[in-house]
Amino acid sequence: MGLAMYDFYGRRARVMPRHRMFSRARALEEVPALTPRIAAVGRYHDATVTAPERLVLELVQDGTRLSPGSEALNWTALTGRSGAVLHLDGPDGVREVTARLVVNAAGPWIDSVNRALAMPLPRQIGGTKGSHILLDHPELLRQLDGRMIYFEGNDGRILLVFPYHGRALVGSTDIPAEDPDQAVCTPEEVAYFIGALRDLLPGLRFDEGQIVYAYAGIRPLPNSEGVAPGLISRDHSAPVAEPEGDRPFPVIALIGGKWTTFRAFSAEVADSVLKRLGHPRRQGTDTLRIGGGQGMPDAAARGDWIAEASAATGADPGRVALLLDRYGATARAVAAEEGADPVLLGGTDTSEGEIRHIARVEQVVHLEDIVLRRTTLGVTGQASRAVIARVAEVAGAALGWDAARRGEEVAACTETLTRRHNAPPS
């Protein structure tokens, strides 16, 4: 019934097949490792985000391009306020910005930003921690065959496992937590995931030695003291703190929300901001392609696009195809940087040309920007000591880092991988 309702409410914008139900026998035939205790399986099609960190970057780049008067600052903290003046501290030093209106889109850090704004508000965020692990498990990937399994654990919690850049991603927990800077996947959560996988897929072997990466984050859910984590609303809201005392500007907080609804949420907030500032909307975003999606060829034109880009850059057509899947239409610029003979980082399909391009045009401040957010080197467990050192050399040459700075960046990135991601470089 739930899947039928899903189909019904999404019918106007349908681009994928309707759901189907399969018998227990059919499910076990397709995924032999499944527990025979299942009753049936439902299959439905949905969208997926293969590189959420890159999607954020491309949204920021699109925003600054479409609004020439805007600016985005990486690794920049709000440290305080004097009347309408905000004090910012970033890589280039301290800056001051005079605000007419502030949108607090700091997610689980919203309350921290409110404190920096000297706003005596009750706590707005009551987030829960979601942890995930990534496994190097070829047989699991073979049986998944591109599919996600969305299932209920023995404790009633909803879990999932699906292919992600050659690894199997498993999640997620839902635990009350407050400090996003200390959020890590704990040994207890790892044991929970391994146990759930063994229950779901008894035909396969699972152990902690298969884990190549772990991560955790805080969902920016509304403060709901006394409510069970799984029952806290996932809807979004944008409460406004009107000017008060020596604060002459309103503050709009973005609470809740998720990838599924981020475009609708941001459009609602943008309309509110434009109305308050007295500006008309110049560009709708409902059908606007994001980042490398602009100029991305459809299936019919893909072959011609690859051939043209290959001829123009000297890159091998197979390499151009891989870059097109990774970067969209931006692949042409990356292929031009790589040239006809890309130098790959040891044991990976990421090239030094990619690293140079990223360092030059993607607002990189620290090495971990590249390893953890601009590429999949970290999340796939490919960030060995040798790879990290070479990325530091290539990026450092593009960014003007001396030997001491490169050493500092390698040490900081290694510490982050070890402490926060259970992935000490080998």
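The structure we're discussing is the one just above.
Keep in mind it's a predicted model, so treat the numbers as computed, not measured.

### Thoughts on the nonpolar core
Counting 42 residues, the largest nonpolar core has Tyr213, Trp305, Leu367, Val371, Val391 and Leu417 as the members making the most contacts within it. Broken down by element, the residue count for this core peaks at six residues, all from helix H13 (residues 385-399). Tyrosine 213 has contacts with His132, Ile133, Leu134, Leu372, Gly378, Val379, Leu417, His421 and Ala423, leaving out every residue within four places of it along the chain. Membership of the second largest hydrophobic core comes to 28 residues, among which are Ala27, Leu140, Val161 and Leu201.

### Section: the packing of helix H8 (residues 302-313) against helix H10 (residues 331-338)
The angle between the axes and the distance between the axes are what describe a pair of packed helices. The geometry of H8 relative to H10 is characterised by a closest axis approach of 9 Å and an angle of 30° between their N-to-C directions. Here H8 runs over H10; the crossing is right-handed. Contacts between H8 and H10 involve Trp305, Glu308, Ala309, Ala312 and Thr313 from the former and Ala331, Arg332, Ala335 and Ala336 from the latter. In terms of residue class, the contact of H8 with H10 is made up of six nonpolar, one polar and two charged.

### Thoughts on H10
Those residues of H10 not exposed but buried are Ala331, Val334, Ala335 and Glu338. All buried residues of H10 lie within an arc of 100° about the axis, which places them on one face of the element. Along its buried surface, H10 packs onto H8, helix H9 (317-327) and helix H11 (352-361). Where H10 ends, the next residue or the one after it, glycine 339, has phi of about 80°, a positive value.

### Observations regarding the pairing of strand S9 (residues 158-164)
With five of seven residues buried, S9 lies mostly within the body of the structure. As judged from the four bridges shared by strand S8 (residues 149-152) and S9, these two strands associate in the antiparallel manner. Considered in S9, the bridge of phenylalanine 151 is made with leucine 159. Hairpin connection between S8 and S9: a loop of five residues separates the two successive antiparallel strands, and glycine 156 in this loop has a positive phi of roughly 90°. Of the pairings in the sheet, the one linking S9 to strand S10 (residues 167-171) comprises five bridges and is antiparallel in character. Residue pairing across strands places leucine 160 opposite glycine 171, the latter belonging to S10. In this structure, the hairpin formed by S9 and S10 is closed by a connection of two residues, where histidine 165 is found at a positive phi of approximately 50°.

### A few points about the side chain of threonine 35
Within the secondary structure, threonine 35 is located in the loop between helix H2 (24-30) and strand S2 (40-43). When near neighbours in sequence (up to four residues on either side) are disregarded, threonine 35 contacts Leu28, Asp199, Leu200 and Pro202.

### Points about H13
A rise of 1.5 Å per residue sets the reference length of H13, with its 15 residues, at 21 Å; its end C-alpha atoms lie 20 Å apart and thus fit the reference within 8%. Taken together, the buried positions of H13 are Val387, Ile388, Val391, Ala392, Val394, Ala395 and Gly396. Of the surrounding elements, those touching the buried residues of H13 are H11, helix H12 (367-374) and helix H14 (403-421). With its phi angle positive at about 80°, glycine 400 sits one or two positions after the end of H13.

What counts as what
- Residues numbered from 1 in each chain as written.
- Predicted model: local features only at pLDDT ≥ 70, side-chain atom pairs only at ≥ 80, totals over all residues.
- Heavy atoms only, no water.
- Core = buried A, V, L, I, M, F, W, Y, C linked by side-chain atoms within 4.5 Å.
- Buried < 20%, exposed > 50% of the residue type's maximum accessible area, 1.4 Å probe, protein only.
- Helix = DSSP H or I, 4+ residues; strand = E, 2+ residues; numbered from the N terminus.
- Contact = heavy atoms within 4.5 Å.
- Axes fitted to C-alpha atoms, helices over the stretch in contact; angles between N-to-C directions.
- Left-handed = near helix turned anticlockwise from the far one by under 90°.
- Nonpolar A, V, L, I, M, F, W, Y, C, P; charged D, E, K, R; others polar.
- Arc of directions from axis to C-beta.
- Pairing = 2+ DSSP bridges.
- Expected span 1.5 Å × (residues − 1).

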